[in-house]
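Structure assessment
In case you want the letters, here they are:
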Amino acid sequence: LEELIKEAVASISRWRLVSTVNRRLILNDLLNGEGDMETYTTANVPDNWTLDGNSTWTEETTAAKVREGSSSLKVVTDGTNLGTATYSIEPHYRFDTQSLIAKAWVWTATASRVEVLYDEGTEAKSSQHGGDSRWELLESSATQVDDPSKLDLICRVTAGSAVTASFDHARLITATD
């Protein structure tokens, strides 16, 4: 896939129609690459993400805790509250009747507490991480959005006990043309 992206970049550059590659055009990624957790204009907050105030969020740069690129988003929850990182897509109404899939790479040592989902008024959840101290790709099933009241991609740790997890390469993909 990376080789195909490089070829597309080279082709677009030759046309000189755009100065930057739009990942939405190539991969149907509604976050346009901002789920890579690589750009932090504000300390410990990836650009265009909203983090809950109940957890400790940091930019993770330890090689074993980064899936792609040079950083991931690390969370340590307090055990009492949900830990949520949210990316809101606007205008959300543009995606009415489209099928969407939420995806993210997740690392954690705690089983059954970490998930990725999208919320357009009704949540579409992924399976939960197995908790085996390795990276897993969590993915929701493709479901059609009907008259969305909002459109959020959410990386979440459920309440229970304290959990440490890292999220990388999160994306919301359109599954329909």
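Quick caveat, the model's predicted, so the values are computed rather than measured.

Time to look at the pairing of strand 3 (residues 72-76). Where strand 2 (residues 56-60) meets strand 3, five bridges bridge the pair, whose relative direction is antiparallel. Among the inter-strand pairings, T58 is bridged to a residue of strand 3, identified as K74. As paired elements, strand 3 and strand 11 (residues 164-174) share four bridges and run antiparallel to each other. Residue pairing for strand 11: L73 is matched across the bridge by F167.

On to the packing of aromatic side chains. Per the stated rule, a full pass over the model turns up one aromatic pair. Geometrically, the ring pair formed by W49 and Y87 is edge-to-face, given 5.5 Å between the ring centres and 65° between the ring planes. A residue pair is termed long-range when its members are at least 10 positions apart, and W49 in the loop between helix 2 (23-27) and strand 1 (50-51) and Y87 in strand 4 (residues 83-88) qualify at 38 residues. Taken individually, W49 and Y87 each receive the classification buried, so the pair is uniform in this respect. Here K65 stacks its cationic end above the ring of W107, 4.2 Å away from the centre of that ring. Above the face of the W105 ring, R67 is positioned so that its terminal group lies 3.6 Å from the ring centre.

Summed over the entire model, instances satisfying the criterion amount to six salt bridges. Of the charged contacts, one joins K150 and D119 as a salt bridge, the two residues approaching to 3.1 Å between their closest N and O atoms. Remark: D119 occurs in strand 6 (residues 114-119) and K150 occurs in the loop between strand 9 (143-144) and strand 10 (152-157); sequence separation between them is 31 residues. By sharing partners, the salt bridges in this structure join E115, E123 and R156 into a single network.

This brings us to the nonpolar core. Ranked by internal contacts, the top residues of the largest apolar core, which has 32 residues, are W49, I89, Y118, L151, L153, F167 and L172. Listing elements by their share of this core, those giving two or more residues are strand 3, strand 4, strand 5 (99-108), strand 6, strand 10 and strand 11. Sequence-distant contacts of W49, that is, excluding residues within four places in its chain, are made with L31, E34, G35, M37, A85, T86, Y87, L153, C155 and A170.

When glycine is set aside, most residues are seen to have a negative phi, and most peptide bonds are trans. Cis geometry is found at the peptide bond from E90 to P91, where omega equals -5°. In this fold, P91 is placed in the loop between strand 4 and strand 5. Despite not being glycine, N32 has its phi angle at roughly 50°, a positive value. Mapped onto the secondary structure, N32 falls in the loop between helix 2 and strand 1.

Thresholds applied
Residues numbered from 1 in each chain as written. Predicted model: local features only at pLDDT ≥ 70, side-chain atom pairs only at ≥ 80, totals over all residues. Heavy atoms only, no water. Pairing = 2+ DSSP bridges. Helix = DSSP H or I, 4+ residues; strand = E, 2+ residues; numbered from the N terminus. Phe/Tyr/Trp six-rings, centres within 6.5 Å; stacked < 30°, edge-to-face > 60°. Buried < 20%, exposed > 50% of the residue type's maximum accessible area, 1.4 Å probe, protein only. Lys NZ or Arg CZ within 6 Å of the ring centre and 35° of its normal. Salt bridge = Lys/Arg side-chain N within 4 Å of Asp/Glu carboxyl O. Core = buried A, V, L, I, M, F, W, Y, C linked by side-chain atoms within 4.5 Å. Contact = heavy atoms within 4.5 Å.

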